[in-house]
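Each chain, letter by letter, is given below.
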Amino acid sequence: MAAPAATQSALQKFINSPAGPKTIHFWAPAMKWALVIAGVGDLQRPAEVLSASQNASLAATGLIWTRYAMVITPKNWTLCTVNVFVAATGLTQLARIYKYRQTDEYKQKVAEGKA
């Protein structure tokens, strides 16, 4: 049985909290950071090889789950934070794709039927 909250250390309070490491509320967001790492890694890839639909899905997922993290009980700040970053990486990639598709290089490939 957990000790009363007044006698617990900060670490014990974290471990025994409703969104602590004993729950899925902690581990799901922790694993979701892999999506953020992959998105940051994709910043090195040329925009012509990025998928607009995949990045739109990441951005939408990030935005939806950010909102959800704030309406559930307990409020899950780790889920909110990771999803802000998922949305940001998706939106950044979409901006890169958009900028690439506005270039003459892309328009020439489309005209030649190569894109």
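Preceding block: the structure.
Residues numbered from 1 in each chain as written. Predicted model: local features only at pLDDT ≥ 70, side-chain atom pairs only at ≥ 80, totals over all residues. Heavy atoms only, no water.

Draft legend 1. Geometry of the overall build of the protein. Secondary structure summary: the protein contains 5 helices and 0 strands in total. Counting helices and strands in the order they occur from the N terminus, the protein gives α-α-α-α-α. Seen along its three principal axes, the alpha-carbon backbone of the protein occupies a region of about 70 × 25 × 15 Å. Classification of the 115 residues of the protein by burial places 26% in the buried group. In the protein, once contacts between residues fewer than 6 apart in sequence are set aside, the share between residues at least 24 apart is 61%. When the accessible area of the protein is evaluated, it comes to approximately 7700 Å², of which 66% is carbon and sulfur surface. Each charge class in the protein can be summarised by its mean position, and for the 12 positive and 5 negative side chains these summaries are 20 Å apart. (Helix = DSSP H or I, 4+ residues; strand = E, 2+ residues; numbered from the N terminus. Buried < 20%, exposed > 50% of the residue type's maximum accessible area, 1.4 Å probe, protein only. Contact = heavy atoms within 4.5 Å. Areas by Shrake-Rupley, 256 points an atom, 1.4 Å probe, with all protein chains shown as cover. Lys, Arg positive; Asp, Glu negative; His and termini not counted. Charge placed at Lys NZ, Arg CZ, Asp CG, Glu CD.)

Draft legend 2. Spotlight on unusual backbone geometry. Put simply, Thr73 and Pro74 share a cis peptide bond, and its omega is 0 degrees. Structurally, the position occupied by Pro74 is in the loop between helix 3 (52-71) and helix 4 (77-101).

Draft legend 3. Spatial organisation of the side chain of Lys32. Relative to the helices and strands, Lys32 is located in helix 2 (residues 24-41). Although buried, Lys32 forms no salt bridge, and the nearest oppositely charged side chain, Asp42, lies 16 Å from it. In this view, Lys32 contacts Thr61, Trp65, Val82, Asn83 and Val86; residues no more than four positions away in its chain are not counted. (Salt bridge = Lys/Arg side-chain N within 4 Å of Asp/Glu carboxyl O.)

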